[in-house]
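# A closer look at the structure
Each chain, letter by letter, is given below.
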Amino acid sequence: MEYRLCFIGDSITAGTGDETFIGWPARVAQNLAGENVELTIYNLGVRTDTTSHIMQRWLSEAKTRLSVPLVKTGIIFAFGVNDTAIENNLAVRVALDVSVKNARSILTDAKKLFNIFWIGPIPVIDEMQPFKGPTTTYHFNNQRIGLYNERYVQLARELGVPYLDLFSKLISSEQWRSSQLSGDGVHPDSRGYAEIASIVLRWQSLKDFINPHSDPKSIDLENGRFGA
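Conventions used here
- Residues numbered from 1 in each chain as written.
- Predicted model: local features only at pLDDT ≥ 70, side-chain atom pairs only at ≥ 80, totals over all residues.
- Heavy atoms only, no water.
- pLDDT = per-residue confidence, 0-100.
- Contact = heavy atoms within 4.5 Å.
- Core = buried A, V, L, I, M, F, W, Y, C linked by side-chain atoms within 4.5 Å.
- Buried < 20%, exposed > 50% of the residue type's maximum accessible area, 1.4 Å probe, protein only.
- Helix = DSSP H or I, 4+ residues; strand = E, 2+ residues; numbered from the N terminus.
- Phe/Tyr/Trp six-rings, centres within 6.5 Å; stacked < 30°, edge-to-face > 60°.

Per-residue pLDDT for the protein has a mean of 92; in total, 93% of the residues score no lower than 70. Contacts from residues 216-228, a stretch scored under 50 in pLDDT, to residues over four places away or in other chains number 29 contacts.

Structure, rendered in structure tokens:
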């Protein structure tokens, strides 16, 4: 069976900080592709993107790549952490209620057209904040990220969208912490991206999707899986 997957997100999706320049989407694809699975992926991660940015671009980018007959298509959204950052010591980039509203709009519209998945934000190294870009300073904070993540979990459950809670899975991981400590406190090195890929590959919702013997219309929404 032929599949196409778009990975739409931010710098973590793009693989910033990975010295091997592979990132987690390519690692996932390497393990999913096989004799009965012909897989094409599109990494559409953009550094510093928030839900407000993704809301403006996801549809045109996805339609260009996924409007193919007789191909099983899907979008893996991975966003949220940039919304939580305080920019230049002034204000949070996207307030929590606005972030949830943006996510609702993105996911509700995307669900009408494609199989969709949502991967939540990552934890950071609090003591290495703020993150200093070329012209902008971003202050991330795990307590704030956790609050956004909680609301995202609730929204995903409400919409019946498969959600992978990376924050909860990585917050106590020594490998993840070590991978961020070696860099800028936000972006991991290759070890961190390999860990994300490993978690994604164990995600049952994705396993159900990448299955050449399954009919996606026969999978119901119970436990966050697809229905007709």
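Now that the structure has been shown, the text picks up again.
Now for the nonpolar core. Among the nonpolar cores identified, the biggest contains 37 residues, and Trp24, Ile119, Ile196, Val200 and Leu206 are the most heavily contacted of them. For this core, the secondary structure elements donating two or more residues are strand S1 (2-9), helix H2 (23-32), strand S3 (72-78), strand S6 (115-119), helix H6 (166-170), helix H8 (190-201) and helix H9 (204-209). Top element by residues in this core is H8. It accounts for five residues. Apart from the residues lying within four places of it in its own chain, the contact partners of valine 200 are Trp24, Val28, Ile119, Leu164 and Leu206. Counting 25 residues, the second largest nonpolar core, distinct from the first, contains Val100, Leu107, Tyr148 and Val161.

Here we take up the environment of isoleucine 54. Within the element layout of this structure, isoleucine 54 appears in helix H3 (residues 51-66). On the basis of relative accessibility, which here comes to 0%, the residue isoleucine 54 falls in the buried class. Placed 67 residues apart in sequence, isoleucine 54 and proline 121 show a C-alpha to C-alpha distance of 14 Å.

Glancing now at the packing of aromatic side chains. Tallied over the entire structure, the rule returns 10 aromatic pairs. Where phenylalanine 77 meets phenylalanine 79, the ring centres are 6.0 Å apart and the plane angle is 65°; that geometry is what we call edge-to-face. Under the relative-accessibility criterion, phenylalanine 77 is labelled buried at 0%. Among the residues examined, phenylalanine 79 registers a relative accessible area of 1% and is labelled buried. Centroid distance tryptophan 118 to tyrosine 163: 4.9 Å. Interplanar angle 85°. Geometry classified as edge-to-face. Taken together, the residues tryptophan 118 in strand S6 and tyrosine 163 in strand S9 (residues 163-164) connect sequence positions 45 residues apart. Judged by relative accessible area, tryptophan 118 falls into the buried class, the value being 0%.

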